[in-house]
Amino acid sequence: MKEIEKLDNGEWYYFLDQEVAQRKARAAKLCQEFNEISATEPEKQTAKIKEIFGSYGKNISVQSRFNCDNGKNIHVGNDFLSNYNLTILDIAPVNIGNNVMIGPNVDIYTVNHPMTAQGRRKYMAKGFPVTIGNDVWIGGKVSIMPGVTIGNNVVIAAGAVITKDVPDDTLVGGVPAKVIKKLGK
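Within any chain, residue numbers begin from 1 and follow the written order of that chain's sequence. Only residues with pLDDT of at least 70 get local features here, since the model is predicted, and only at 80 or more are side-chain atom pairs given and counted; chain-wide, interface and lining totals rely on the full set of residues. To obtain the side-chain values, all non-hydrogen atoms of the structure were used and water was disregarded.

Trainee: I tried to follow unusual backbone geometry on my own but got confused; where do I start?
Mentor: Of all residues except glycine, most have a negative phi; of all peptide bonds, most are trans. Backbone torsion omega between S64 and R65 reads -5°, so that peptide bond is classified as cis. A helix here means a DSSP run of H or I that spans at least four residues, while a strand means a run of E at least two residues long, and both kinds are numbered starting from the N terminus. For R65, the position within the fold is in the loop between β2 (60–62) and β3 (66–68). V175 connects to P176 through a cis peptide bond whose omega is -10°. Tracing the sequence through the fold places P176 in the loop between β18 (170–173) and β19 (178–182). Even without a glycine there, the phi angle at Y123 is positive, about 55°.

Trainee: Can you walk me through the sheet that holds strand β11 (residues 124–127) in this structure?
Mentor: A strand pair is defined by DSSP finding two or more bridges across the two strands. Pairing within the open sheet is antiparallel, and its three strands lie in the order β1-β11-β10. On the outer flanks of this sheet lie β1 (13–14) and β10 (111–112), each paired with one strand and no other. Across two bridges, the pairing between β10 and β11 is antiparallel. Bridge pairing in β11 links N112 to K126.

Trainee: Any chance you could explain the sheet that holds strand β15 (residues 149–150) here in plain terms?
Mentor: Strand pairing within a sheet occurs via backbone hydrogen bonds; the two strands may be parallel or antiparallel. Strand order in the open sheet formed by four strands is β4-β7-β12-β15, with parallel pairing between adjacent strands. Looking at the sheet topology across the chains shown, the edges are occupied by β4 (74–76) and β15. Bridging between strand β12 (residues 130–132) and β15 involves two bridges; their strand directions are parallel. Counterpart to I132 in the pairing with β15 is I150.

Trainee: Which parts of the structure should I look at to understand the environment of C31?
Mentor: Mapped onto the elements of the fold, C31 is located in helix α2 (residues 18–35). When the C-alpha atoms of C31 and M101 are compared, they prove to be 20 Å apart, with 70 residues separating the residues in sequence. Other than its neighbours up to four places away in sequence, C31 contacts I52, F66, N67 and C68. When checking whether two residues touch, look at their non-hydrogen atoms; a contact exists if any pair is within 4.5 Å.

Trainee: I keep staring at the packing of aromatic side chains and nothing clicks. Help me out?
Mentor: Both the distance between ring centres and the angle between the ring planes are used here to describe each pair of aromatic rings. Between rings of Phe, Tyr and Trp, where Trp is taken as its six-membered ring, a pair exists when centres lie within 6.5 Å; planes separated by under 30 degrees are stacked, by over 60 edge-to-face, and by other angles tilted. Tallied over the entire structure, the rule returns five aromatic pairs. Relative to F66, the ring of F34 has its centre 6.3 Å away and its plane inclined at 80°; by these criteria the two rings are edge-to-face. With F34 in helix α2 and F66 in strand β3, this pair connects stretches of sequence that are 32 residues apart. Clustering of aromatic rings is evident, with ring pairs tying together F34, F53, F66 and F80.

Trainee: Looking at this model, I keep getting lost on the side chain of S143. Mind explaining?
Mentor: As for its position among the elements, S143 is in strand β14 (residues 143–144). Exposure remark for S143: the relative accessible area of 15% places this residue in the buried category. Discounting chain neighbours no more than four positions away, the residues touching S143 are D107, Y109, A160, V161 and I162. The cut-offs for exposure are 20% and 50% of the maximum accessible area for each residue type, with area from a 1.4 Å probe on protein chains only; residues under the lower value are buried, those over the upper are exposed, and the others partly exposed.

Trainee: Sorry if this is basic, but what is going on with the pattern of salt bridges here?
Mentor: Two side chains of opposite charge can pair, provided their charged atoms sit close to one another. Whenever Lys or Arg places a side-chain nitrogen within 4 Å of a carboxyl oxygen from Asp or Glu, that contact is recorded as a salt bridge. Using the criterion set out here, one finds eight salt bridges in the structure. With a closest N to O distance of 3.0 Å, K6 and E3 form a salt bridge. Highlighted residues: K6 and E3, both in helix α1 (residues 3–8), separated by three residues, approximately one helical turn. Several salt bridges share partner residues, and in doing so they unite K29, E33, K48 and E51 into one network.

Trainee: Looking at this model, I keep getting lost on the layout of surface pockets. Mind explaining?
Mentor: Space inside the largest pocket adds up to approximately 180 Å³. Grid points spaced at 1 Å and placed over the protein atoms alone form the basis of the search, with a cavity being a set where a 1.4 Å probe fits but cannot get out and a pocket an open set showing protein on both sides within 12 Å along at least five of seven lines. Lining residues have an atom within 4 Å of a point. Contributing to the lining of the largest pocket are L7, Y13, F15, V20, A21, R23, K24, D69, I91, V111, H113 and A125. With four residues, the single largest contributor to the lining of the largest pocket is α2. Its residues placed into classes, the lining of the largest pocket shows eight nonpolar, one polar and three charged. Grid points are joined across faces, edges and corners, and a volume is the space filled by probe spheres set on the points. Gly counts as polar in this scheme, as do all residues outside two lists: the nonpolar Ala, Val, Leu, Ile, Met, Phe, Trp, Tyr, Cys and Pro, and the charged Asp, Glu, Lys and Arg.

As structure tokens, then:
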């Protein structure tokens, strides 16, 4: 099986493989093009981000700088807004619901590496999907780790590191993030 097929199947893969590198290079090129568009041309920014994303709903707005590993694994719903400096390492799918706001300097990771030195020396990686529900507000400088599911009606406090699933109707914060309180609907 080819390394790119292993990647797409959610298996361990060699991340320096030429096809894997080409996919990443394509995404880097598109992100560079997006990041070079003037903020005074939001229509051009939106058109370019739609070229990058795998799917999108109505009313999406992404501020520069934006970086990703693939782009086609990113799926956003209606009324999506991200502030400056969003990075999504979308080796695996990243599914984002409706009415999601993302603060500045947020990182969403789907890629992980082996816990053993031997595995890391072999340049191995594996993707774990990230899912973000509807009506979510992600504060600035939040990091979301591989394989996490964030429920609906969630607020993530600035600076939080999300290492585990987040239940619906909660405010979470801290490193690692923990539920601070339940939220009303």
